[in-house]
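Chain and residue survey
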Amino acid sequence: MSTTPRQAANARRAVSYFFIVLGTVSGAWAARIPAVKTDLGLSDGQLSYGLLAIAVGLVVGMRFAGRLTDHFGSARVIVPAAIGTALTIIPPGYAPTLPALIASLFLYGLVNASLDVSMNAHGVEVERAYGRPIMSSFHGMFSIGGLLGAGIGGLFALLGLGAGATLAATGIPLALISLYAGRHLLPADRHPSARQKQESAGPARWTGWIVLMGVVAFAGLVGEGAAVDWTSVYLFEDLHASETVAALGFAVFSIAMTVGRFAGDHLALKHGPVRLVRVSGVIAALGLGAALLIGSVPVAIVGFALFGLGLATIVPQVFSAAGNHDPARAGQAIAQVATVGYTGLVAGPAIIGGVSELTDLPTALAIPAVLAAFMAASAGALRPRAPRDAGDTAAVRPEP
């Protein structure tokens, strides 16, 4: 049965909400990490074990999230995954010991993977129903959620409330609202490809194209991870900016990335995903390159903004391409790409730190600039496939 414009619009709002859920939970957790560290008396090294547990949970969860999404349909997975994500972030705030923290964060990462894959897969379904690019705006809502979560965490910290109270006050309402929002998703049994998914979706193979898309996502997320941890350090230690000015490095990067994601759908429709990713990669490479080579604080801040603007649309286009590559296995394709890609988000800051120890920070930060150029060079792989039949239509118009 075909999807009506009203159903598509309602589903778009619902998927946007689930992206906000993941962003808000992530932002609230990030804002209260210092409180958790202090409450448990952890060293930096001990804390890193807990943070690594999230990454391990994500990787393990990705192995199952794609198959679950393809077998049951993204609409049936996304709501319990969202409720689970919103609730499993609460125990880390109350963890009495380091082992308890590690176990609870592993569980959070495990459930988080199911939400990440299912909401991106459903986003691809909604995008296909729209017949035009909308994936970038979904990722923009994740950025909005991250800012909201960070604001909630900051407010609770200002009021002197603990990490547990912060995460409970964030997660419980989001879990309850998820029950309502799920009613507006595209029904799994009415989507054109749902029956095909349930009856014929077997294990997805690791093709060369999937690996390439994963590596492109990896390159983009290395850049995001590097920006989170190292932009302010570079401004403060290498360019001798004040702490206040140094904080602007990541702030302008985040704002530019959010703006770029909301502009990305229009740009993808107008120029196509190949041209958009190619130009975006060049902008990111030139922006970060200028920030490192010129050695001026104002130029560096502008360069970090261009870096964020350039990276903004690349990962959403990669996920959209993965989900449309084989609609019967969209969840598995997205999970495979995400498994490789998110490794960059985790490993990126460590790679930058290790190389900076051997050389210096500007040299280490050149790595994301080179990776941005690689993404630009790989953009041709995002060219949409020709539809194989009437039910296999691309959401993004073909490249001219």
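Just so you know, these numbers come straight off a predicted model, no measurement behind them.

Notes on the pattern of salt bridges
Inspection of the entire model under this criterion finds two salt bridges. With a closest N to O distance of 3.4 Å, Glu224 and Arg261 form a salt bridge. A residue pair is termed long-range when its members are at least 10 positions apart, and Glu224 in helix H9 (residues 208-238) and Arg261 in helix H10 (residues 243-271) qualify at 37 residues. Judged by its relative accessible area of 13%, Glu224 falls in the buried class. The exposure class assigned to Arg261 is buried, which follows from its relative accessible area of 5%. With a shortest N-O distance of 3.1 Å, Arg329 and Asp326 are connected by a salt bridge. Residue classification places Arg329 among the partly exposed residues on the basis of a relative accessible area of 24%.

A short note on the packing of aromatic side chains
Under the defined criterion, the tally for this structure stands at six aromatic pairs. With a centroid separation of 6.2 Å and 85° between ring planes, the pair formed by Tyr234 and Phe304 is classed as edge-to-face. Within this pair, whereas Tyr234 is found in helix H9, its partner Phe304 is found in helix H12 (residues 297-311), the two being separated by 70 residues in sequence. Ring centres 6.4 Å apart and planes at 70° place the aromatic pair Phe319 and Tyr342 in the edge-to-face group. Placement of Phe319 in helix H13 (residues 314-325) and of Tyr342 in helix H14 (residues 330-358) is noted, with a sequence separation of 23 residues between them.

Considerations on the environment of Asn120
Mapped onto the secondary structure, Asn120 falls in helix H5 (residues 98-130). Among the residues examined, Asn120 registers a relative accessible area of 1% and is labelled buried. The spatial distance from the C-alpha of Asn120 to the C-alpha of Met135 is 8.2 Å, given a sequence separation of 15 residues. At 2.8 Å, the side chain of Asn120 and the backbone oxygen of Asp116 are in polar contact.

Re the packing of helix H6 (residues 135-158) against H13
With their axes 8 Å apart at the nearest point, H6 and H13 run at an angle of 125° to one another. Looking at the two axes, H6 sits oblique to H13. Here H6 and H13 pass one another in a crossing that is right-handed. In this structure, H6 contributes Met135, Ser136 and His139 to the contact, and H13 contributes Pro316, Phe319 and Ser320. The residue inventory of the contact of H6 with H13, partitioned by class, reads three nonpolar, three polar and no charged.

Quick word on H10
Here H10 spans 40 Å end to end across 29 residues, near enough to the 42 Å set by a 1.5 Å rise per residue. Packing partners of the buried residues in H10 comprise helix H1 (5-40), H6, H9, helix H11 (273-293), H12 and H13. For H10, the N-terminal capping position is held by Ser242, with its side-chain oxygen 3.2 Å away from the main-chain nitrogen of Val245. Of the residues flanking the end of H10, it is Gly272, one or two places downstream, whose phi is positive at about 85°.

Observations concerning the side chain of Ser137
Tracing the chain through its elements places Ser137 in helix H6. Relative accessible area serves as the criterion here: at 8%, Ser137 is assigned to the buried category. Ignoring anything within four residues of it in the chain, the contact list for Ser137 reads Arg12, Arg261, Phe262 and Asp265.

Things to note about the packing of H10 against H11
Running from N to C, H10 and H11 cross one another at 120°; their axes reach a closest spacing of 7 Å. Considering their axes alone, H10 and H11 lie oblique with respect to each other. Judged by residue contacts, Gly264, Leu267, Ala268 and His271 of H10 engage Pro273, Arg275 and Leu276 from H11.

So, the environment of Val126
Residue placement: Val126 occurs in helix H5. C-alpha separation for the pair Val126 and Thr313, spaced 187 residues apart in sequence, amounts to 18 Å. Not counting chain neighbours up to four residues away, the residues in contact with Val126 comprise Ala8, Ala11, Arg12, Val15, Ile134, Phe138 and Leu186.

Describing unusual backbone geometry
Positive phi outside glycine occurs at His240, with the angle close to 60°. By secondary structure assignment, the location of His240 is in the loop between H9 and H10. Since its relative accessible area comes to 65%, His240 is described here as exposed.

As for the side chain of Ser356
Within the element layout of this structure, Ser356 appears in helix H14. Discounting residues that sit within four places of it in the chain, Ser356 has contacts with Leu361 and Ala364.

Some points on the nonpolar core
In terms of nonpolar packing, the biggest core is built from 110 residues, with Phe18, Trp29 and Val318 touching the most fellow members. It is H1 that contributes the most residues to this core, 15 residues altogether. Contact partners of Phe18, with chain neighbours within four places excluded, come to Ile78, Val79, Ala82, Leu115, Met119, Ser178, Ala181, Gly182 and Leu185.

Conventions and cut-offs
- Residues numbered from 1 in each chain as written.
- Predicted model: local features only at pLDDT ≥ 70, side-chain atom pairs only at ≥ 80, totals over all residues.
- Heavy atoms only, no water.
- Salt bridge = Lys/Arg side-chain N within 4 Å of Asp/Glu carboxyl O.
- Helix = DSSP H or I, 4+ residues; strand = E, 2+ residues; numbered from the N terminus.
- Buried < 20%, exposed > 50% of the residue type's maximum accessible area, 1.4 Å probe, protein only.
- Phe/Tyr/Trp six-rings, centres within 6.5 Å; stacked < 30°, edge-to-face > 60°.
- Polar contact = N/O pair within 3.5 Å; in protein donor to acceptor, adjacent residues only side chain to side chain.
- Axes fitted to C-alpha atoms, helices over the stretch in contact; angles between N-to-C directions.
- Parallel < 35°, antiparallel > 145°, perpendicular 65-115°, else oblique.
- Left-handed = near helix turned anticlockwise from the far one by under 90°.
- Contact = heavy atoms within 4.5 Å.
- Nonpolar A, V, L, I, M, F, W, Y, C, P; charged D, E, K, R; others polar.
- Expected span 1.5 Å × (residues − 1).
- Core = buried A, V, L, I, M, F, W, Y, C linked by side-chain atoms within 4.5 Å.

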